[in-house]
Amino acid sequence: MIHVNAERLWSTLEMMAQIGGTPAGGVTRLALSEEDRIARNLLRDWAREAGFTCDIDSMGNMFIRRAGKNPELAPVLTGSHVDTQPLGGNYDGIYGVLAGLELLRTLNDHHVETERDVVLVNWTNEEGARFAPAMLASGVWAGQLTEAFAYARMDSKRVTVREALEAIGYRGDIPARAFPVHACYELHIEQGPILEDEALDIGLVRAAMGQRWFTLTLDGFAAHAGTTPMHSRRDALTAFAELALKVETIGYRHAPDGRATIGMAQVTPNSRNVVPSRVVCSVEFRHPSQEALEAMEAALHKVAESLSLRGVAAAVERIFDYAPIAFDAECLARTEKAVAELGYSSKPMVSGAGHDTCYISKIAPASMIFIPCVKGISHNEAERILPEWSEKGANVLLHSVLSAAQER
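Residues numbered from 1 in each chain as written. Predicted model: local features only at pLDDT ≥ 70, side-chain atom pairs only at ≥ 80, totals over all residues. Heavy atoms only, no water.

Caption draft 1: Focus on the overall build of the chain. Scanning the chain from terminus to terminus reveals 12 helices and 16 strands. Computed over C-alpha atoms, the radius of gyration of the chain comes to 23 Å, within 12% of the 22 Å expected from 2.2 N^0.38 for 408 residues, which places it in the range of a compact globule. Counting only carbon and sulfur atoms, one obtains 51% of the accessible surface of the chain, whose full area is about 17100 Å². For the chain, the separation between the mean place of its 39 positive charges and that of its 52 negative charges on side chains is 5 Å. (Helix = DSSP H or I, 4+ residues; strand = E, 2+ residues; numbered from the N terminus. Rg over C-alpha atoms; globule rule 2.2 N^0.38 Å. Areas by Shrake-Rupley, 256 points an atom, 1.4 Å probe, with all protein chains shown as cover. Lys, Arg positive; Asp, Glu negative; His and termini not counted. Charge placed at Lys NZ, Arg CZ, Asp CG, Glu CD.)

Take a look at the structure:
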C-alpha cells in the first residue's frame, strides 16, 4: 500500500506559510491579493515541474490535472483554497490543496497509472473575508451563483472581484462552468476540538450545516452626548447591544447544533461625544436542520421589529443562504475503506463550517475528510496541526481518490 511523502508535504506547507506570514506565526493571504498571486504562482510552478497541466477559468479557479488512461471518463476532483482570513492560520484550506498536490506527486513517484484523470483545484475566494459571500467562485462553477453577481462583489476599498482578478493576472479565458466529475474529495482541518479531544485520526464528514448570513442596518438619530436627555435619545448603538444579546439567545435556543454570531459592526458617526445614529452589522446563523434555520431567521425579524420601541428602525437583508448538505454515501464508503486499510481511527462528523465542496456536492458525488487541529483553533494565528496528523489525512485522501480514479 503506497503512502505519501510526509516530509515533502510538510515542507510545502512551511514554504507556503511564508507567503503572507505574520510576526505571530499565522498568515494573511486575502483572496486576489498580491500574496494570493504569489501563492498561486508557486502552486502552478510546483504543478508544472511535476508534469501536470494547470488551467485557469474566468473566476480564477486553478485546475491542475494529472492525466489518466481514458480522458473521456469523468475525472476525480480534489482540492480546497489558498486564500485565508486576515491574521489567519497556516492550514485552513491550503492543507487540502497541498495534500492534493502531494497525492499527485506520490502517484508519479510510484508510477501509478489511473483510469481517470485526477484534478486538483484551488477555488477562488472561499473565505469570503475580502469579498462576500464566501465560496464565491465554487458557487459560480457549480451554477449556484452567476458570474455577473460574483464579478460585481466589492471589497472595503470598492475594488470588484473582476478588477482584482485582472490585477493579479488570474482572470482566465475558460468559462467558470462545471465539467462532469466522477467523485470529489476535500481534505481539511476540523476547525473544532472533537478529533483531538477523542484522540481520533480522521473525521468522516457525512454532512455540513446550512448557513444564512444577514446584514442589519439600525437607524437612530445622532445627538449631542451632553445636552440630550436619556429619555430623548434614539441610540442605534444601545439598540445594537440589545440585538446582540438576543441573537446570542437565538443560538442557545437551538442548541446544541445551532450557531448564532455577530462578527462585524460599524458605528456612525463613531465619535466620542455623539449619540450614534447608525449601526450596520452582520448576523450569521448555522444549523444542520433547514427547519431550524427558518425558525432562527423568523426570530431575528421579531427582534429587529422590537427595536422600534427604542425609536430605532432595523432593516434586515439576507445576503447568503445555502441549505444543509448531505454528502455522497459512495464517496464516504471509499474513505471508510481507506481508513480501515491504513489502520487509522475515525468517526462520522457534521461540518459546522462552509466549504467549497458543499457547492460541488449539488452537482457531483462528493464528501470531505477531516484531521484534528490543536485545541480546535482556526481562523487564528495560533492554528496548528501535527505532522503525523498531516500525513494520515493525506494518506486517506490518496487512497480515497485513487480508489475512485481506478473505476471505469
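That shown, we press on.
Caption draft 2: Here's a closer look at the environment of Trp10. By the secondary structure assignment, Trp10 is in helix α1 (residues 6-17). Not counting residues up to four positions away in its chain, the partners in contact with Trp10 are Tyr91, Ile385, Leu386, Pro387 and Ser390. (Contact = heavy atoms within 4.5 Å.)

Caption draft 3: Structural view of the packing of aromatic side chains. One pass over the structure, following the stated rule, counts 10 aromatic pairs. Residues Phe63 and Trp141 carry aromatic rings whose centres are separated by 5.9 Å and whose planes lie at 35° to one another, so their mutual orientation is tilted. Pair noted here: Phe63 is in strand β2 (residues 62-66) and Trp141 is in helix α4 (residues 136-141), with a separation of 78 residues, a long-range link. Among the residues examined, Phe63 registers a relative accessible area of 7% and is labelled buried. What makes Trp141 buried here is its relative accessible area of 2%. With a centroid separation of 4.8 Å and an interplanar angle of 65°, the aromatic rings of Trp213 and Phe320 are classed as edge-to-face. Of this pair, Trp213 sits in strand β7 (residues 210-219) while Phe320 is found in strand β13 (residues 313-322), placing the two residues 107 residues apart along the sequence. On the basis of relative accessibility, which here comes to 15%, the residue Trp213 falls in the buried class. The class of Phe320 is buried, set by a relative accessible area of 4%. The ring of Phe179 has Arg65 sitting right over it, with the charged end atom 5.7 Å from the ring centre. The cationic tip of Arg153 hangs over the ring face of Phe149; the distance from NZ or CZ to the ring centre is 3.8 Å. (Phe/Tyr/Trp six-rings, centres within 6.5 Å; stacked < 30°, edge-to-face > 60°. Buried < 20%, exposed > 50% of the residue type's maximum accessible area, 1.4 Å probe, protein only. Lys NZ or Arg CZ within 6 Å of the ring centre and 35° of its normal.)

Caption draft 4: Region of interest: the pattern of salt bridges. Considering all chains together, one arrives at 25 salt bridges under this definition. Note that Lys392 and Asp201 form a salt bridge whose closest N and O atoms lie 3.1 Å from each other. Taken together, the residues Lys392 in helix α12 (residues 387-405) and Asp201 in the loop between α7 (194-197) and β6 (202-208) connect sequence positions 191 residues apart. Arg310 is paired through a salt bridge with Glu242; the nearest N and O atoms lie 2.6 Å apart. Taken together, the residues span a long stretch of sequence, with Arg310 in the loop between α9 (290-306) and β13 and Glu242 in helix α8 (residues 236-253) at a distance of 68 residues. A relative accessible area of 36% means that Arg310 is categorised as partly exposed. Beyond isolated ion pairs, a larger network of salt bridges with shared partners links Arg212, Glu294, Glu297, Arg318 and Asp321. (Salt bridge = Lys/Arg side-chain N within 4 Å of Asp/Glu carboxyl O.)

Caption draft 5: A look at the pairing of strand β16 (residues 366-371). Within β16, 6 of the 6 residues are buried, which leaves it mostly tucked inside the rest of the structure. Because side chains alternate across β16, one face comprises the buried residues Ala366, Met368 and Phe370, and the other comprises Ser367, Ile369 and Ile371, equally buried. Note: strand β5 (residues 183-189) against β16, 6 bridges, orientation parallel. Bridge pairing in β16 links Ile189 to Ile371. Across 3 bridges, the pairing between β6 and β16 is antiparallel. The residue bridging Leu204 from the neighbouring strand is Ile369, located in β16. (Pairing = 2+ DSSP bridges.)

Caption draft 6: Inspection of the side chain of Asn395 at higher detail. Mapped onto the fold, Asn395 is located in helix α12. Reaching out from Asn395, the side chain makes a polar contact with the backbone nitrogen of Val4 at a distance of 2.8 Å. Leave out the neighbours within four places in its chain, and Asn395 touches His3, Val4, Leu342 and Tyr344. (Polar contact = N/O pair within 3.5 Å; in protein donor to acceptor, adjacent residues only side chain to side chain.)

Caption draft 7: Broad picture of unusual backbone geometry. In this chain, Ala132 is followed by Pro133 through a cis amide linkage whose omega measures 5°. The peptide bond linking Thr268 to Pro269 adopts the cis configuration, its omega dihedral lying at 5°. Backbone geometry places Asn270, a non-glycine residue, at a positive phi of 60°. Its location among the elements puts Asn270 in the loop between β10 (265-268) and β11 (274-275). Given a relative accessible area of 62%, Asn270 falls into the exposed group.

Caption draft 8: Up close: α9. In a regular helix each residue adds 1.5 Å, so 17 residues correspond to 24 Å; α9 covers 25 Å between its end C-alpha atoms and thus fits that length. Of all the positions in α9, only Ala292, Leu293, Met296, Glu297, Ala299, Leu300, Val303 and Ala304 are classed as buried. In an axial view of α9, the angular spread of the buried residues amounts to 160°, which keeps them on one side of the axis. Seen from the open side of α9, the exposed residues pointing more than 90 degrees away from its buried face are Glu291, Lys302 and Glu305. On its buried face, α9 sits against β7, α8, β9 (259-261), β12 (278-287) and β13. (Expected span 1.5 Å × (residues − 1). Arc of directions from axis to C-beta.)

Caption draft 9: Structural context of the environment of Lys375. Mapped onto the elements, Lys375 comes out in the loop between β16 and α12. Remark: the alpha-carbon pair of Lys375 and Ile385, spanning 10 residues in sequence, is separated by 9.5 Å. Excluding residues that lie within four positions of it along the chain, Lys375 makes contacts with Pro193 and Glu196.

Caption draft 10: Highlighting helix α10 (residues 329-342). With 14 residues, α10 extends 20 Å between its outermost C-alpha atoms, agreeing within 8% with the 20 Å of an ideal straight helix rising 1.5 Å per residue. For α10, the complete set of buried residues consists of Cys331, Leu332, Arg334, Thr335, Ala338, Val339 and Leu342. Summarising the axial view, the buried residues of α10 lie within an arc of 155°, below the 170-degree limit, and thus occupy one face. Among the exposed residues of α10, those oriented more than 90 degrees off its buried face are Ala329, Lys337 and Ala340. As for α10, its buried residues are in contact with β5, β6, β15 (346-351), β16 and α12. Capping the start of α10 is the job of one residue whose side-chain oxygen sits 3.1 Å from the backbone nitrogen of Glu330: Asp328.

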